[in-house]
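# Structure assessment
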Number of protein chains: 2
Amino acid sequence: MPPKQPSEAPKQSSEAPKQLSEDCPTVADLSESELLALIFPRLNSSPSVLLGPGDDAAMVAATDGRTLISIDTQTQDQDFRLEWNNGYRTTGYDVGWKSAAQNLSDINAMGGTATSLVVSLTMPPATPVQWVEDFADGLTAGIIGLGVPDCSVAGGDLGRGREIAVTVAVVGTLAGQTPVLRSGARPGDVVAVAGTLGRAAAGLALLESDVTVTDLSDEQRALLDSQCRPLPPLAAGPLAARSGATAMMDISDGLLRDGGRLAAASDVILDFDAVALKAHALPLEPAAALLGVDSMPWVLGGGEDHGLLATFPAGIQLPQGFTAIGSVQAVVQSHGSGVRIAGQAADTVGWDHFAD
Amino acid sequence: MPPKQPSEAPKQSSEAPKQLSEDCPTVADLSESELLALIFPRLNSSPSVLLGPGDDAAMVAATDGRTLISIDTQTQDQDFRLEWNNGYRTTGYDVGWKSAAQNLSDINAMGGTATSLVVSLTMPPATPVQWVEDFADGLTAGIIGLGVPDCSVAGGDLGRGREIAVTVAVVGTLAGQTPVLRSGARPGDVVAVAGTLGRAAAGLALLESDVTVTDLSDEQRALLDSQCRPLPPLAAGPLAARSGATAMMDISDGLLRDGGRLAAASDVILDFDAVALKAHALPLEPAAALLGVDSMPWVLGGGEDHGLLATFPAGIQLPQGFTAIGSVQAVVQSHGSGVRIAGQAADTVGWDHFAD
């Protein structure tokens with residue numbers, strides 16, 4: 001159970017983190033129903049949610065007789081810090097947006113479209129009410145901003161804990177399409193990605209650096225935003241499904257690691273093209289130079305952009321938003337499934353191969 | 001946001017609670033995939049889950065074109081203690097069972113039947129692997145033991161945190177039935193309950209007492225089990241829906257509090273019958289006497305039995321499992337909706353009314 005980023009030991013927060021105990025109303029000042037009364041008006045509504053909050057369960061349309069479902073948790077000091085090394089403070093809005101984004105991405109990765117979220121928010125009593133209002137605003141902004149207005153929050157759960165933890169379960173529809181699995185890649189397919197690679201990882205490196213936010217360029221600040229409020233390409237999943245994608249998944253743990261999972265599920269080798277990877281690393285080089293590191297590890301190891309990794313039959317025109325980054329090859333008997341870069345096993349490829 | 005039980009300040013656990021750092025393999029010793037390989041064989045499968053773990057989302061049948069969904073979190077030191085005052089240690093099995101029970105109950109309360117769970121488990125690295133295996137066993141045992149074998153775990157998420165937290169989202173079907181809401185109670189209806197009242201609260205009181213487990217009678221030990229592994233009446237919800245229940249909810253926060261919610265949603269008064277309540281308190285009296293307290297507060301305020309509170313049109317035969325405990329009355333203009341006992345506002349009824 002390796003931790004998600006940040007991978008280093010987090011700053012330990014006390015039960016009432018400093019950031020959370022400043023002079024402002026906290027959730028301890030309100031009853032659950034008072035808090036819900038502040039949250040509900042900040043949520044959008046959608047026709048898919050046939051019965052929203054207020055009963056023991058919500059009811060959501062599942063028009064093709066099937067429903068997609070996934071669940072993800074973000075935990076303070078594991079998946080985000082309330083205050084980063086560079087001074088940036090994670091807002092409730094950030095956490096709400098990211099919760100929406102990473103869950104909507106899971107449905108996108110199947111070729112589906114999300115129809116509703118149910119949200120469990122656990123937090124210390126010293127959490128400011130404003131943080132919770134911002135969280136609700138961020139959830140809604142993420143849903144709308146990422147282009148899924150037919151999705152809305154159908155219900156939830158509030159509780160206390162020593163740290164902030166947000167768990168979202170997302171429900172979605174395939175609208176009659178066949179789901180695209182990780183296991184369908186075939187030798188000869190084209191490997192392609194949609195969305196960005198490495199931007200969220202670059203943003204994380206900036207957050208953990210000593211370069212304060214005010215010293216960042218607009219472009220560097222945008223990298224930080226990619227970590228805090230990712231922009232998964234939510235139109236690309238259903239489009240890929242309709243275009244005949246043979247396999248697909250979202251890149252949440254990094255191209256090499258997730259590519260290895262897709263390769264294992266399909267029992268194939270994914271061979272990435274070094275030049276194509278380089279094209280993703282190039283725009284990150286100013287930030288890498290600022291921090292004195294290479295940009296390629298962000299491209300290969302960074303996941304939280306929530307881009308899509310997909311395979312398509314050779315010869316078809318890739319759907320809008322996808323660019324080719326390699327090919328699928330058959331497993332050679334002496335080797336198992338896995339990921340290669342320019343024909344070499346990825347774990348033997350040093351980062352120097354891609355440095356200037 | 002009042003805490004669930006236990007309501008008193010919990011024992012603070014360190015990052016690696018003593019119970020969790022004994023000489024045994026911990027989750028820090030395993031990769032996520034190794035841990036999943038231990039969990040999966042312990043889970044049941046069901047025909048409702050069309051696509052299980054392994055992709056970015058699962059796919060579940062929703063044969064009537066709608067899906068019920070709810071989410072609930074249990075957090076260490078808020079919803080359970082790893083070690084209680086009386087020496088009882090909460091097992092992974094307990095937490096797994098209870099996670100299943102309280103989520104299955106939410107679907108039951110709508111008149112539906114659960115078809116799948118998705119489970120997010122957050123835990124400190126020092127958590128024993130055995131605890132996680134027990135958790136998976138408890139989930140499965142709860143699903144099967146509570147009589148919902150067509151439900152299974154469709155997917156999940158593992159992560160690190162400073163405390164154990166389990167969030168389960170449950171998906172269910174109404175099989176074409178109309179959902180039973182909290183808002184449908186009408187003056188003249190009969191108020192009825194299914195399942196037990198106060199047993200889990202009695203169990204909680206025993207756990208927080210100085211009476212060690214070994215000094216408990218079998219019956220008292222069974223009360224403790226009601227807190228740790230509740231037995232919601234999962235056949236009763238769909239049966240109530242088919243029998244014409246006008247309103248329903250599960251009693252997760254206590255009869256008076258949840259009754260007040262149903263009364264408010266329906267804009268009526270629920271008038272409970274003192275004799276009927278007494279019948280629920282009577283079997284709890286030996287445990288109450290052991291602790292030197294009254295049993296009626298457990299009946300009126302205890303919730304974690306996850307029984308059902310429902311209203312039915314007067315004159316119909318109550319479905320199996322339900323017993324009448326009162327009647328629905330119209331709101332009198334000078335008073336709002338609410339709960340009464342024998343015609344008196346419940347908050348003015350002292351517990352002494354029900355003591356021997």
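Residues numbered from 1 in each chain as written. Chains lettered and ligands numbered in written order. Predicted model: local features only at pLDDT ≥ 70, side-chain atom pairs only at ≥ 80, totals over all residues. Heavy atoms only, no water.

### Observations regarding the overall build of chain A
Looking only at helices and strands, chain A features 10 helices and 13 strands. Its C-alpha atoms give chain A a radius of gyration of 21 Å, near enough to 21 Å, the size a compact globule of 356 residues would have. Dimensions of chain A, computed from the C-alpha atoms along their principal axes, are close to 65 × 50 × 35 Å. Among the 356 residues that make up chain A, the fraction classed as buried is 59%. For chain A, the share of sequence-separated contacts (at least 6 apart) that also reach a separation of at least 24 residues comes to 85%. Carbon and sulfur atoms make up 53% of the accessible area of chain A, which amounts to about 12,900 Å² in all. Computing the positive centroid from 20 side-chain charges and the negative centroid from 42, chain A places the two 2 Å apart. (Helix = DSSP H or I, 4+ residues; strand = E, 2+ residues; numbered from the N terminus. Rg over C-alpha atoms; globule rule 2.2 N^0.38 Å. Buried < 20%, exposed > 50% of the residue type's maximum accessible area, 1.4 Å probe, protein only. Contact = heavy atoms within 4.5 Å. Areas by Shrake-Rupley, 256 points an atom, 1.4 Å probe, with all protein chains shown as cover. Lys, Arg positive; Asp, Glu negative; His and termini not counted. Charge placed at Lys NZ, Arg CZ, Asp CG, Glu CD.)

### Points about helix H4 (residues 199–207) of chain A
Residue and element names in this part refer to chain A. Counting buried positions over the nine residues of H4 gives seven, a clear majority of the element. Residues Ala-200, Ala-201, Ala-202, Gly-203, Leu-204, Leu-206 and Leu-207 constitute the buried set of H4. Looking at the packing, one finds that the buried side of H4 touches helix H5 (218–228), helix H9 (285–291) and helix H10 (296–301).

### Quick word on the UniProt feature "binding site: Mg(2+) 5" (unreviewed entry) in chain A
All names here are of chain A. Under the present numbering, the feature "binding site: Mg(2+) 5" (unreviewed entry) in UniProt falls on Asp-253. Relative to the helices and strands, Asp-253 resides in the loop between strand E8 (247–251) and helix H7 (255–266). The partly exposed category is assigned to Asp-253, whose relative accessible area is 24%. (UniProt positions renumbered as here; feature names shortened; annotations may be inferred.)

### Concerning the interface of chain A and chain B
The figure often quoted for interface size is the accessible area lost as the parts come together. Taken together, the contact between chain A and chain B spans 61 residues of the former and 61 residues of the latter. Approximately 5,200 Å² of surface area, both sides summed, lies buried where chain A meets chain B, with 55% of it carried by carbon and sulfur atoms. On inspection of chain A and its partner chain B, the count reaches two salt bridges. For the salt bridge of Arg-182 of chain B with Asp-56 of chain A, the shortest nitrogen-to-oxygen distance reads 2.9 Å. (Buried area = accessible area lost by both parts, 1.4 Å probe. Salt bridge = Lys/Arg side-chain N within 4 Å of Asp/Glu carboxyl O.)

### A few points about the sheet that holds strand E1 (residues 49–51) of chain A
The six strands lie next to each other as E1(A)-E2(A)-E3(B)-E6(B)-E4(B)-E5(B), forming an open sheet whose pairing is mixed. Pairing within the sheet leaves two strands with one partner each, and these edge strands are E1 of chain A together with strand E5 (152–160) of chain B. Across the sheet, the mean angle separating the axes of adjacent strands is 25 degrees when strand polarity is ignored. The pairing of E1 of chain A with strand E2 (residues 58–61) of chain A spans two bridges and is antiparallel. The residue bridging Leu-51 of chain A from the neighbouring strand is Met-59 of chain A, located in E2 of chain A. Running at roughly 165 degrees to strand E4 (residues 113–123) of chain B, helix H3 (residues 129–145) of chain B makes contact with E4, E5 and strand E6 (165–173) of chain B of the sheet. (Pairing = 2+ DSSP bridges. Axes fitted to C-alpha atoms, helices over the stretch in contact; angles between N-to-C directions.)

### Some details on the pairing of strand E9 (residues 268–272) of chain B
All names here are of chain B. With five of five residues buried, E9 lies mostly within the body of the structure. Residues Val-268, Leu-270 and Phe-272 point to one face of E9 and Ile-269 and Asp-271 to the other, with burial holding for every one of them. As defined by bridge partners, E9 adjoins strand E12 (residues 338–341) across four bridges and the pair is classed as parallel. Note on E12: the bridge partner recorded for Ile-269 is Gly-338.

### Some thoughts on the sheet that holds strand E4 (residues 113–123) of chain A
In space, the six strands of this open sheet follow the order E5(A)-E4(A)-E6(A)-E3(A)-E2(B)-E1(B), with mixed pairing throughout. Two strands bound the open sheet, and with one partner strand each, they are strand E5 (152–160) of chain A together with strand E1 (49–51) of chain B. Shown here is a sheet whose adjacent strand axes are inclined to one another by a mean of 25 degrees, direction ignored. Contacting E4, E5 and strand E6 (165–173) of chain A, helix H3 (residues 129–145) of chain A crosses the sheet at an angle of about 165 degrees to E4 of chain A.

### Some thoughts on the relation of the copies chain A and chain B
In screw terms, the move from chain A to chain B is a rotation of 180 degrees and a rise of 0.0 Å along the axis, fitting with an RMSD of 0.0 Å. In short, the pair behaves as if placed about a two-fold rotation axis. Proximity to the rotation axis, assessed at the C-alpha, singles out Gly-65 of chain A in chain A; its C-alpha lies 2.4 Å from the axis. With an isologous cut-off of 70% or more, the 100% of interface residues of chain A that recur at the interface of chain B puts this contact in the isologous class. (Least-squares fit on C-alpha atoms with pLDDT ≥ 70 in both.)

### Concerning the pattern of salt bridges
All names here are of chain A. By the definition in use, this model includes 28 salt bridges over all chains. With its nearest N and O atoms 2.7 Å apart, the salt bridge here joins Arg-66 to Asp-64. The class for Arg-66 is buried, based on a relative accessible area of 17%. Here the salt bridges do not stand alone but share partners, grouping Asp-94, Arg-221, Asp-225 and Arg-229 into one network.

### Quick notes on the domain arrangement of chain A
Residue and element names in this part refer to chain A. The domain architecture assigned to chain A consists of domain 1 (26–173) and domain 2 (182–354). Look at where the C-alpha atoms of domain 1 and domain 2 centre, and you get two points 27 Å apart. Facing the 22 residues of domain 1 at the interface are 30 residues of domain 2. Interface area for domain 1 against domain 2, summed over the two sides, is near 2,100 Å², with a carbon-plus-sulfur share of 57%. Per-residue buried area on domain 1 facing domain 2 is highest for Asn-86, Lys-98 and Asn-108; these three make up 29% of the total on that side. Linking domain 1 to domain 2 there are three salt bridges. With a shortest N-O distance of 3.3 Å, Lys-98 and Glu-304 are connected by a salt bridge. Summed over the shared surface of domain 1 and domain 2, the result is 14 residue pairs in polar contact (both at pLDDT 80 or more). Top element by residues in the side of domain 1 that touches domain 2 is helix H2 (residues 92–108). It accounts for 10 residues. (Domains from an automatic or database assignment. Polar contact = N/O pair within 3.5 Å; in protein donor to acceptor, adjacent residues only side chain to side chain.)

### Considering the UniProt feature "binding site: Mg(2+) 4" (unreviewed entry) in chain A
Residues and elements named next belong to chain A. As recorded in UniProt, the feature "binding site: Mg(2+) 4" (unreviewed entry) lies at Asp-56, Ser-70 and Asp-106. An extended arrangement is adopted by the annotated residues: their sequence extent is 51 residues, and the largest C-alpha distance between any two is 25.3 Å. Within the element layout of this structure, Ser-70 appears in strand E3 (residues 66–75). Classification of Ser-70 by relative accessible area gives buried; the value is 7%.

### Examining unusual backbone geometry
Residue and element names in this part refer to chain A. Look at Asp-77: it is not a glycine, yet its phi comes out positive at around 75 degrees. Structurally, Asp-77 is set in the loop between E3 and H2. Its relative accessible area of 5% is what places Asp-77 among the buried residues. Phi at Ala-175 is positive, roughly 50 degrees, even though this residue is not glycine. Relative to the helices and strands, Ala-175 is located in the loop between E6 and strand E7 (190–194).

### Examining H7 of chain A
Helical periodicity: at 3.6 residues per turn, an α-helix aligns residues three or four positions apart in one direction. Taking 1.5 Å per residue as the helical rise, H7 of chain A with its 12 residues ought to reach 16 Å, and the 16 Å between its terminal C-alpha atoms agrees with that figure. In the segment just after H7 of chain A, Asp-267 of chain A is the residue with positive phi, at about 55 degrees. (Expected span 1.5 Å × (residues − 1).)

### Observations concerning the environment of Pro-230 of chain B
All names here are of chain B. Along the chain, Pro-230 turns up in the loop between helix H5 (218–228) and helix H6 (236–242). In the structure, Pro-230 is positioned 25 residues away from Ala-205 in sequence and 15 Å away in space, judged by C-alpha atoms. Each residue touching Pro-230, except ones within four places of it in the same chain, is listed here: Trp-97, Lys-98, Ala-101, Leu-146, Asp-225, Glu-304, Asp-305 and His-306.

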